[in-house]
Amino acid sequence: MTALVCLIFSLAGGAQAGEGASELPVLSVSVLQFGTAHWELDHILHRELDRENGYRLDLKPVANLPASRLAVTSGSVNGAVADLLWAQSRFQAGAPYLYVPFSSQIGDIVVAETSPIRSVADLADKRIGVAGGPDSKGWILLQKVAERQGINLDESAEIQFAAPPLLSQALKRGQVDVIVTYWHFAARLRGEGGWRSDFSMADLLTELDLDRNLPVLGYVFPAKWATDHGSLIDGFAASLQQAKAELADSESPWQRLRPLMGNPEEGVFTALREGFVAGTPAPQTEQRIADLQRLMTLTGADPDRLMPANLFYRSQP
(Lines give C-alpha, C1' and ligand atoms only; values in the text may rest on other atoms or scores of the structure.)
Protein backbone atom coordinates (compact mmCIF):
# COMPACT_ATOMS: atom_id res chain seq x y z
CA MET A 1 0.00 0.00 0.00
CA THR A 2 2.85 2.39 0.88
CA ALA A 3 4.50 1.72 -2.48
CA LEU A 4 1.21 2.39 -4.26
CA VAL A 5 0.76 5.72 -2.47
CA CYS A 6 4.32 6.75 -3.35
CA LEU A 7 3.72 5.83 -6.97
CA ILE A 8 0.54 7.93 -7.11
CA PHE A 9 2.30 10.95 -5.63
CA SER A 10 5.23 10.46 -7.97
CA LEU A 11 2.97 10.38 -11.01
CA ALA A 12 1.06 13.40 -9.76
CA GLY A 13 4.29 15.31 -9.23
CA GLY A 14 5.50 14.39 -12.72
CA ALA A 15 2.23 15.55 -14.24
CA GLN A 16 2.45 18.87 -12.40
CA ALA A 17 6.04 19.36 -13.61
CA GLY A 18 4.92 18.64 -17.16
CA GLU A 19 2.05 21.08 -16.82
CA GLY A 20 4.46 23.74 -15.51
CA ALA A 21 6.76 23.28 -18.49
CA SER A 22 3.86 23.47 -20.94
CA GLU A 23 2.76 26.76 -19.39
CA LEU A 24 6.07 28.45 -20.20
CA PRO A 25 5.95 30.97 -23.05
CA VAL A 26 7.16 29.50 -26.32
CA LEU A 27 9.81 31.09 -28.52
CA SER A 28 9.90 29.68 -32.04
CA VAL A 29 13.08 30.11 -34.06
CA SER A 30 13.76 29.11 -37.66
CA VAL A 31 17.20 27.58 -38.07
CA LEU A 32 19.14 26.04 -40.95
CA GLN A 33 19.21 22.27 -40.40
CA PHE A 34 22.98 22.16 -40.93
CA GLY A 35 23.75 25.75 -39.92
CA THR A 36 26.18 26.69 -37.18
CA ALA A 37 23.47 28.34 -35.06
CA HIS A 38 21.78 24.96 -34.78
CA TRP A 39 24.71 23.78 -32.68
CA GLU A 40 24.17 26.21 -29.82
CA LEU A 41 20.36 26.07 -30.06
CA ASP A 42 20.46 22.27 -29.84
CA HIS A 43 22.72 22.60 -26.81
CA ILE A 44 20.17 24.91 -25.18
CA LEU A 45 17.47 22.28 -25.66
CA HIS A 46 19.68 19.43 -24.47
CA ARG A 47 20.66 21.28 -21.29
CA GLU A 48 17.15 22.73 -20.86
CA LEU A 49 18.65 26.20 -20.60
CA ASP A 50 15.46 27.56 -22.12
CA ARG A 51 13.30 26.28 -19.27
CA GLU A 52 15.91 27.43 -16.78
CA ASN A 53 15.41 30.92 -18.17
CA GLY A 54 11.63 30.86 -18.16
CA TYR A 55 10.63 29.91 -21.69
CA ARG A 56 10.39 26.95 -24.06
CA LEU A 57 12.45 27.00 -27.26
CA ASP A 58 10.73 25.58 -30.34
CA LEU A 59 13.16 25.01 -33.21
CA LYS A 60 11.89 24.96 -36.78
CA PRO A 61 14.66 23.52 -38.98
CA VAL A 62 14.64 24.56 -42.64
CA ALA A 63 16.74 23.52 -45.61
CA ASN A 64 17.99 26.88 -46.85
CA LEU A 65 18.38 30.57 -46.05
CA PRO A 66 15.44 31.86 -48.16
CA ALA A 67 13.11 29.49 -46.31
CA SER A 68 14.38 30.74 -42.96
CA ARG A 69 13.88 34.37 -43.94
CA LEU A 70 10.42 33.65 -45.29
CA ALA A 71 9.49 31.96 -42.02
CA VAL A 72 10.29 35.05 -39.95
CA THR A 73 8.93 37.63 -42.39
CA SER A 74 5.66 35.72 -42.76
CA GLY A 75 5.24 35.43 -39.01
CA SER A 76 5.26 31.64 -38.94
CA VAL A 77 8.13 31.84 -36.41
CA ASN A 78 9.16 34.50 -33.92
CA GLY A 79 12.79 34.71 -34.97
CA ALA A 80 15.56 33.51 -37.25
CA VAL A 81 19.27 33.94 -37.89
CA ALA A 82 20.21 36.70 -40.34
CA ASP A 83 23.19 38.83 -41.12
CA LEU A 84 23.54 42.50 -40.33
CA LEU A 85 22.92 43.68 -43.89
CA TRP A 86 19.62 41.78 -44.13
CA ALA A 87 18.40 43.37 -40.90
CA GLN A 88 19.44 46.79 -42.22
CA SER A 89 17.66 46.21 -45.54
CA ARG A 90 14.47 45.29 -43.69
CA PHE A 91 14.74 48.44 -41.59
CA GLN A 92 15.10 50.57 -44.70
CA ALA A 93 12.03 48.81 -46.13
CA GLY A 94 10.00 49.85 -43.08
CA ALA A 95 10.05 46.47 -41.30
CA PRO A 96 12.46 46.85 -38.34
CA TYR A 97 13.86 43.86 -36.46
CA LEU A 98 15.52 43.59 -33.07
CA TYR A 99 19.03 42.21 -33.57
CA VAL A 100 20.37 39.83 -30.90
CA PRO A 101 24.09 39.04 -31.43
CA PHE A 102 24.95 35.51 -32.55
CA SER A 103 28.45 35.49 -34.05
CA SER A 104 31.31 37.77 -34.99
CA GLN A 105 32.56 35.33 -37.64
CA ILE A 106 32.43 36.86 -41.11
CA GLY A 107 34.75 34.62 -43.07
CA ASP A 108 38.28 34.05 -44.27
CA ILE A 109 40.51 34.45 -47.28
CA VAL A 110 41.94 30.97 -47.96
CA VAL A 111 44.94 29.92 -50.04
CA ALA A 112 47.13 26.84 -50.38
CA GLU A 113 49.81 26.38 -47.73
CA THR A 114 52.44 26.88 -50.44
CA SER A 115 50.82 30.00 -51.93
CA PRO A 116 52.99 33.13 -52.21
CA ILE A 117 49.93 35.26 -51.37
CA ARG A 118 50.51 36.93 -48.00
CA SER A 119 48.73 40.28 -48.18
CA VAL A 120 45.96 42.22 -49.91
CA ALA A 121 48.57 43.68 -52.27
CA ASP A 122 49.39 40.15 -53.46
CA LEU A 123 45.84 39.67 -54.76
CA ALA A 124 46.37 41.82 -57.85
CA ASP A 125 46.41 39.71 -61.05
CA LYS A 126 45.14 36.66 -59.14
CA ARG A 127 42.08 34.49 -59.71
CA ILE A 128 39.76 35.19 -56.76
CA GLY A 129 36.71 33.09 -55.94
CA VAL A 130 34.04 34.88 -53.90
CA ALA A 131 31.21 33.27 -51.93
CA GLY A 132 27.90 35.05 -51.62
CA GLY A 133 28.01 37.17 -54.76
CA PRO A 134 29.16 40.75 -55.35
CA ASP A 135 27.16 42.05 -52.37
CA SER A 136 28.78 39.79 -49.78
CA LYS A 137 30.25 41.58 -46.76
CA GLY A 138 33.61 39.86 -47.08
CA TRP A 139 34.08 40.85 -50.70
CA ILE A 140 33.02 44.45 -50.06
CA LEU A 141 35.38 44.75 -47.09
CA LEU A 142 38.25 43.26 -49.07
CA GLN A 143 37.65 45.77 -51.87
CA LYS A 144 37.56 48.66 -49.39
CA VAL A 145 40.90 47.65 -47.88
CA ALA A 146 42.41 47.18 -51.34
CA GLU A 147 41.19 50.64 -52.37
CA ARG A 148 43.01 52.13 -49.40
CA GLN A 149 46.17 50.60 -50.86
CA GLY A 150 45.46 51.93 -54.33
CA ILE A 151 44.29 48.58 -55.75
CA ASN A 152 41.09 48.07 -57.75
CA LEU A 153 40.47 44.34 -57.52
CA ASP A 154 37.62 44.46 -60.03
CA GLU A 155 40.10 45.65 -62.64
CA SER A 156 43.32 43.98 -61.54
CA ALA A 157 42.06 40.49 -60.64
CA GLU A 158 39.90 37.80 -62.21
CA ILE A 159 36.78 37.43 -60.06
CA GLN A 160 34.51 34.37 -59.95
CA PHE A 161 31.34 34.23 -57.84
CA ALA A 162 30.02 30.83 -56.75
CA ALA A 163 28.52 28.87 -53.87
CA PRO A 164 31.00 28.08 -51.06
CA PRO A 165 31.21 24.30 -51.70
CA LEU A 166 31.98 24.92 -55.37
CA LEU A 167 34.65 27.45 -54.46
CA SER A 168 36.33 24.96 -52.12
CA GLN A 169 36.47 22.46 -54.97
CA ALA A 170 37.74 25.11 -57.39
CA LEU A 171 40.56 25.97 -55.00
CA LYS A 172 41.52 22.30 -54.65
CA ARG A 173 41.56 21.89 -58.43
CA GLY A 174 43.70 24.95 -58.93
CA GLN A 175 40.98 26.80 -60.84
CA VAL A 176 41.33 29.82 -58.50
CA ASP A 177 44.30 31.09 -56.51
CA VAL A 178 42.38 32.29 -53.47
CA ILE A 179 38.83 32.19 -52.15
CA VAL A 180 36.85 34.63 -50.03
CA THR A 181 34.53 32.25 -48.21
CA TYR A 182 32.40 31.73 -45.12
CA TRP A 183 34.27 30.87 -41.94
CA HIS A 184 33.05 27.29 -41.57
CA PHE A 185 34.05 26.39 -45.14
CA ALA A 186 37.47 27.91 -44.42
CA ALA A 187 37.67 25.90 -41.19
CA ARG A 188 36.91 22.67 -43.05
CA LEU A 189 39.69 23.37 -45.54
CA ARG A 190 42.20 24.18 -42.80
CA GLY A 191 41.15 21.08 -40.87
CA GLU A 192 41.75 18.88 -43.92
CA GLY A 193 45.32 20.18 -44.15
CA GLY A 194 47.17 21.85 -47.00
CA TRP A 195 45.27 25.13 -46.76
CA ARG A 196 45.64 28.24 -44.65
CA SER A 197 43.78 31.45 -43.92
CA ASP A 198 45.79 34.17 -45.61
CA PHE A 199 44.01 36.68 -43.39
CA SER A 200 40.62 36.86 -41.76
CA MET A 201 37.77 39.29 -42.16
CA ALA A 202 38.57 40.48 -38.65
CA ASP A 203 41.91 41.64 -40.02
CA LEU A 204 40.03 43.64 -42.66
CA LEU A 205 37.90 45.28 -39.95
CA THR A 206 41.08 46.33 -38.17
CA GLU A 207 42.40 47.81 -41.42
CA LEU A 208 39.20 49.84 -41.64
CA ASP A 209 39.57 51.08 -38.04
CA LEU A 210 36.61 49.02 -36.80
CA ASP A 211 36.32 46.75 -33.78
CA ARG A 212 37.42 43.20 -34.66
CA ASN A 213 34.63 41.60 -32.62
CA LEU A 214 31.48 42.88 -34.30
CA PRO A 215 28.41 40.59 -34.27
CA VAL A 216 27.83 40.45 -38.02
CA LEU A 217 25.32 37.61 -37.56
CA GLY A 218 22.37 37.81 -35.23
CA TYR A 219 19.00 36.41 -34.24
CA VAL A 220 16.32 38.74 -35.57
CA PHE A 221 12.83 39.30 -34.19
CA PRO A 222 10.18 41.73 -35.48
CA ALA A 223 10.71 44.89 -33.43
CA LYS A 224 7.08 45.32 -32.36
CA TRP A 225 6.81 41.67 -31.30
CA ALA A 226 10.13 41.92 -29.43
CA THR A 227 8.96 45.02 -27.55
CA ASP A 228 5.80 43.20 -26.47
CA HIS A 229 7.80 40.14 -25.36
CA GLY A 230 10.82 41.76 -23.69
CA SER A 231 11.15 39.21 -20.89
CA LEU A 232 11.05 36.36 -23.41
CA ILE A 233 13.88 37.97 -25.41
CA ASP A 234 15.86 38.49 -22.19
CA GLY A 235 15.44 34.82 -21.29
CA PHE A 236 16.55 33.74 -24.75
CA ALA A 237 19.61 36.02 -24.65
CA ALA A 238 20.55 34.69 -21.20
CA SER A 239 20.33 31.09 -22.40
CA LEU A 240 22.50 31.97 -25.41
CA GLN A 241 25.17 33.36 -23.10
CA GLN A 242 25.08 30.21 -20.98
CA ALA A 243 25.28 27.96 -24.04
CA LYS A 244 28.22 29.86 -25.52
CA ALA A 245 30.07 29.73 -22.18
CA GLU A 246 29.52 25.98 -21.82
CA LEU A 247 30.57 25.29 -25.41
CA ALA A 248 33.71 27.36 -24.89
CA ASP A 249 34.54 25.69 -21.58
CA SER A 250 34.55 22.03 -22.56
CA GLU A 251 34.89 19.76 -25.56
CA SER A 252 32.44 17.16 -24.21
CA PRO A 253 29.25 18.94 -25.38
CA TRP A 254 30.74 19.05 -28.87
CA GLN A 255 31.04 15.28 -29.04
CA ARG A 256 27.26 15.07 -28.68
CA LEU A 257 26.89 17.75 -31.39
CA ARG A 258 29.28 16.01 -33.77
CA PRO A 259 26.55 14.27 -35.82
CA LEU A 260 24.80 17.64 -36.26
CA MET A 261 28.11 18.96 -37.61
CA GLY A 262 28.20 16.21 -40.24
CA ASN A 263 30.48 13.84 -38.28
CA PRO A 264 33.66 15.55 -39.50
CA GLU A 265 37.09 13.96 -39.18
CA GLU A 266 39.17 15.04 -36.18
CA GLY A 267 41.08 17.90 -37.82
CA VAL A 268 37.94 19.43 -39.31
CA PHE A 269 35.98 18.87 -36.09
CA THR A 270 38.62 20.75 -34.07
CA ALA A 271 38.76 23.62 -36.58
CA LEU A 272 34.97 23.99 -36.57
CA ARG A 273 34.75 23.91 -32.79
CA GLU A 274 37.54 26.43 -32.33
CA GLY A 275 36.14 28.68 -35.07
CA PHE A 276 32.68 28.70 -33.52
CA VAL A 277 34.02 29.58 -30.08
CA ALA A 278 36.27 32.29 -31.55
CA GLY A 279 33.16 33.91 -33.02
CA THR A 280 31.52 34.47 -29.62
CA PRO A 281 30.52 38.15 -29.68
CA ALA A 282 31.85 40.53 -27.07
CA PRO A 283 29.21 42.43 -25.06
CA GLN A 284 27.52 45.19 -27.02
CA THR A 285 28.72 48.70 -26.20
CA GLU A 286 27.88 52.08 -27.64
CA GLN A 287 31.17 52.02 -29.56
CA ARG A 288 30.52 48.57 -31.04
CA ILE A 289 27.03 49.63 -32.09
CA ALA A 290 28.51 52.74 -33.71
CA ASP A 291 31.03 50.52 -35.51
CA LEU A 292 28.22 48.25 -36.70
CA GLN A 293 26.45 51.28 -38.12
CA ARG A 294 29.66 52.40 -39.82
CA LEU A 295 30.14 48.90 -41.22
CA MET A 296 26.65 49.10 -42.72
CA THR A 297 27.54 52.41 -44.34
CA LEU A 298 30.76 50.96 -45.76
CA THR A 299 28.78 48.10 -47.28
CA GLY A 300 26.27 50.36 -49.02
CA ALA A 301 23.55 51.27 -46.52
CA ASP A 302 22.00 54.73 -46.63
CA PRO A 303 23.84 56.66 -43.86
CA ASP A 304 20.69 58.67 -43.18
CA ARG A 305 18.56 55.55 -42.65
CA LEU A 306 20.64 53.28 -40.45
CA MET A 307 19.21 50.91 -37.84
CA PRO A 308 19.11 52.91 -34.59
CA ALA A 309 20.96 51.80 -31.47
CA ASN A 310 17.77 50.58 -29.77
CA LEU A 311 17.42 47.80 -32.36
CA PHE A 312 20.71 46.26 -31.22
CA TYR A 313 20.02 44.09 -28.20
CA ARG A 314 22.24 44.64 -25.20
CA SER A 315 22.43 41.99 -22.46
CA GLN A 316 20.64 42.77 -19.26
CA PRO A 317 22.88 43.40 -16.21
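Residues numbered from 1 in each chain as written. Predicted model: local features only at pLDDT ≥ 70, side-chain atom pairs only at ≥ 80, totals over all residues. Heavy atoms only, no water.

Novice: Help me understand the packing of aromatic side chains in this model?
Specialist: The geometry of two aromatic rings is summed up by the distance between their centres and the angle between their planes. With the rule as written, the count across this model stands at 12 aromatic pairs. Centroid distance W254 to F276: 5.5 Å. Interplanar angle 70°. Geometry classified as edge-to-face. Of this pair, W254 sits in helix α13 (residues 252-257) while F276 sits in helix α14 (residues 266-278); the two residues are 22 residues apart in sequence, bridging distant segments of the chain. Residue W254 is classed as buried on the basis of its relative accessible area of 0%. For F276, a relative accessible area of 7% gives the class buried. Taken together, the ring pairs in this structure connect W39, Y55, F102, Y219, F221, W225, F236, W254 and F276 into an aromatic cluster. Over the aromatic face of F269 sits the side chain of R258, whose NZ or CZ is 4.1 Å from the ring centroid. (Phe/Tyr/Trp six-rings, centres within 6.5 Å; stacked < 30°, edge-to-face > 60°. Helix = DSSP H or I, 4+ residues; strand = E, 2+ residues; numbered from the N terminus. Buried < 20%, exposed > 50% of the residue type's maximum accessible area, 1.4 Å probe, protein only. Lys NZ or Arg CZ within 6 Å of the ring centre and 35° of its normal.)

Novice: In this structure, what is going on with the pairing of strand β5 (residues 108-112)? I would like to understand it.
Specialist: A regular strand places its side chains so that they alternate between the two faces of the sheet. β5 sits mainly inside the fold: four of its five residues count as buried. Direction of pairing for β5 relative to strand β8 (residues 178-181): antiparallel, over a ladder of three bridges. Following the sheet pairing, D108 is matched in β8 by T181. Where β5 and strand β9 (residues 195-200) come together, five bridges link them in antiparallel fashion. Paired with V111 across the two strands is R196, which belongs to β9. (Pairing = 2+ DSSP bridges.)

Novice: Just checking my understanding: could you explain helix α12 (residues 230-249) for this structure?
Specialist: Since the α-helix advances by 3.6 residues per turn, residues separated by three or four positions end up pointing in the same direction. For α12, with 20 residues, the first-to-last C-alpha span of 29 Å sits near the 28 Å given by 1.5 Å per residue. Looking at α12, one finds that the buried residues are L232, I233, G235, F236, A237, S239, L240, A243, K244 and L247. (Expected span 1.5 Å × (residues − 1).)

Novice: I tried to follow the sheet that holds strand β7 (residues 158-162) on my own but got confused; where do I start?
Specialist: Backbone-to-backbone hydrogen bonds pair the strands of a sheet. The strands run either parallel or antiparallel. The mixed open sheet is built from five strands, whose spatial order is β7-β6-β8-β5-β9. Edge positions in the sheet fall to β7 and β9, since each has one partner strand and no second. Strand after strand, the sheet turns through a mean of 25° between neighbouring axes, direction not considered. Each of β5, β6 (127-131), β7, β8 and β9 touches helix α8 (residues 164-172); the most contacted strand, β8, lies at about 165° to it. (Axes fitted to C-alpha atoms, helices over the stretch in contact; angles between N-to-C directions. Contact = heavy atoms within 4.5 Å.)

Novice: Explanation requested: the nonpolar core in the structure shown.
Specialist: Considering soluble globular proteins, one finds that nonpolar side chains tend to be buried as a cluster. With 47 residues, the main nonpolar core has L123, I128, L142, L153, L204, L295 and F312 as its most contacted residues. Sort the elements by how many residues they give to this core and helix α6 (residues 137-148) lands first, with five residues. Among the domains, domain 1 (26-104 + 213-311) and domain 2 (107-208) are the pair contributing at least three residues each to this core. Leave out the neighbours within four places in its chain, and L153 touches L123, A124, I128, W139, L142, A146 and I159. Core analysis: the second largest hydrophobic core is formed by 38 residues, F102, A187, A237 and V268 among them. (Core = buried A, V, L, I, M, F, W, Y, C linked by side-chain atoms within 4.5 Å. Domains from an automatic or database assignment.)

Novice: What am I meant to see in the pattern of salt bridges here?
Specialist: Any two side chains of opposite charge can pair if their charged atoms end up close together. If you walk through the whole model with that rule in mind, you get 15 salt bridges. A salt bridge links D58 to K60; the shortest N-O distance between them is 3.2 Å. Note on K60: relative accessible area 36%, which makes it partly exposed. For R127, the salt bridge goes to D177, with nearest N and O atoms at 2.9 Å. Taken together, the residues R127 in strand β6 and D177 in the loop between α8 and β8 connect sequence positions 50 residues apart. (Salt bridge = Lys/Arg side-chain N within 4 Å of Asp/Glu carboxyl O.)

Novice: Can you walk me through the environment of T36 in this structure?
Specialist: By the element assignment, T36 lies in the loop between β1 (26-32) and α2 (37-47). Expressed as a C-alpha distance, the spacing of T36 and V180, which sit 144 residues apart in the sequence, is 18 Å. In this structure T36 touches F102, W183, H184 and F276, once residues within four positions along its chain are discounted.

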